[in-house]
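Chain by chain, the residues run as shown.
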Amino acid sequence: MESSWRPTTKQVAVLISLDLSAAFDTIDHRLLLDRLQLEFGMMEIPLRWLQSYLEGWTQFIKMGQHKSHATEVDMGIPQGPVLGPLSFAVYCSPIADVISHHGVQYHQYADDTQLHLATCANNTPAGLSVLAECTTDVRQWYLQKGLQLNPDKSEALIVRTTNQLCALTSSVSSVSVAEVDLPVDDDIKVLGVVLDQRLSFHKHVSVVAQSCNYHAQAI
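I will try to describe carefully the structure that is included in this document.

Analysis parameters
- Residues numbered from 1 in each chain as written.
- Predicted model: local features only at pLDDT ≥ 70, side-chain atom pairs only at ≥ 80, totals over all residues.
- Heavy atoms only, no water.
- Helix = DSSP H or I, 4+ residues; strand = E, 2+ residues; numbered from the N terminus.
- Buried < 20%, exposed > 50% of the residue type's maximum accessible area, 1.4 Å probe, protein only.
- Contact = heavy atoms within 4.5 Å.
- Areas by Shrake-Rupley, 256 points an atom, 1.4 Å probe, with all protein chains shown as cover.
- Lys, Arg positive; Asp, Glu negative; His and termini not counted.
- Charge placed at Lys NZ, Arg CZ, Asp CG, Glu CD.
- Phe/Tyr/Trp six-rings, centres within 6.5 Å; stacked < 30°, edge-to-face > 60°.
- Lys NZ or Arg CZ within 6 Å of the ring centre and 35° of its normal.
- Core = buried A, V, L, I, M, F, W, Y, C linked by side-chain atoms within 4.5 Å.
- Pairing = 2+ DSSP bridges.
- Salt bridge = Lys/Arg side-chain N within 4 Å of Asp/Glu carboxyl O.

On to the overall build of the protein. Looking only at helices and strands, one finds seven helices and 14 strands in the protein. Relative to its full complement of 219 residues, the protein shows a buried share of 38%. Considering only intrachain contacts with a sequence separation of at least 6, the fraction spanning at least 24 residues in the protein is 69%. As displayed, the protein has an accessible area near 13000 Å², and 55% of this comes from carbon and sulfur atoms. Counting 14 positive and 23 negative side-chain charges, the protein places the averaged centre of each group 4 Å from the other.

A few words on the environment of Leu47. Its location among the elements puts Leu47 in helix 2 (residues 44-54). With relative accessibility at 12%, the residue Leu47 sits in the buried group. Residues Leu47 and Asp152 lie 105 residues apart in sequence; the distance between their C-alpha atoms is 38 Å. Residue contacts for Leu47: discarding those within four places in its chain leaves Leu33, Leu36, Gln37 and Met42.

All chains considered together, the criterion is met by three aromatic pairs. Ring geometry for Trp141 and Tyr142: centres 5.7 Å apart, planes at 70°, overall edge-to-face. Since its relative accessible area comes to 1%, Tyr142 is described here as buried. In this structure, Arg35 is placed above the aromatic ring of Tyr91, and the distance from its NZ or CZ to the ring centre is 5.8 Å. The aromatic ring of Phe60 is capped on one face by Lys67, whose charged end is 4.8 Å from the ring centroid.

Below, the discussion takes up the nonpolar core. It is characteristic of soluble globular proteins that their nonpolar side chains tend to be buried jointly. Grouped together as the largest cluster of nonpolar side chains are 45 residues, with contacts concentrated most on Leu32, Phe88, Ile99, Leu115, Val138, Tyr142 and Val175. In terms of residue count, the dominant contributor to this core is helix 5 (residues 124-144) (six residues). When residues no more than four places from it in sequence are discounted, the contact partners of Val175 are Val14, Ile16, Leu128, Ala156, Val180, Asp181, Leu182 and Val184. Grouped together as the second largest cluster of nonpolar side chains are seven residues, Ala13, Leu157, Val159 and Val190 included.

On to the pairing of strand 14 (residues 193-196). Note that strand 13 (residues 187-190) and strand 14 share four bridges and pair antiparallel. Bridging from a neighbouring strand, Val190 pairs with Val193 of strand 14. Hairpin connection between strand 13 and strand 14: a loop of two residues separates the two successive antiparallel strands, and Leu191 in this loop has a positive phi of roughly 50°.

Counted according to the given criterion, the structure contains four salt bridges. Across the pair Glu39 and Arg35 runs a salt bridge, and its minimum N-O distance is 3.3 Å. Arg35 sits in the buried class, given a relative accessible area of 7%. Residue Asp187 pairs with Lys203 through a salt bridge whose shortest N-O separation is 3.3 Å. On the criterion of sequence distance, the pair formed by Asp187 in strand 13 and Lys203 in helix 7 (residues 202-218) is long-range, its members being 16 residues apart.

See below:
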């Protein structure tokens, strides 16, 4: 989803990056197929094709020469194929309504979800309260669908001007995510990109340069 936020001199943006436990491993096959059929209109051959892809998976435990009996897997989707992220997005598509209900913007790719909200710099607690309620409802929705949100492993970032950030430092040191207080970070990594409080990308450039230097020396 594309953000509709446009910066003003009186607003700050609060970004929360959510963390999920073993997200791909907890997808209910039947619920996924029902959602594809009822909400996305997938029928007949395409639906049966995807059903055949999900069914028939087995797993077992092997230690040395000993191996357990194979057990059929009716939960989870493989992460390697392109169908993995796509199937997860379909499975979690209703979360958009939960987030939008609070007036919060979001970005989502597979199990990486970021919430962001523009709020008045002189009334930041009001915006943080909205995000706190939103993340609590998001965690509840995930629990109902067999997914586990880890609020203590999530990350929070406040983006705005240097003057506003200096003013906020004394008043905002943490953000409540699903009833857990998270410290506000100086920077967070989102889909491989390091975002800092000023969106200067200095830290990201430094990280990329270090990675390039490492691989150049390895060659």
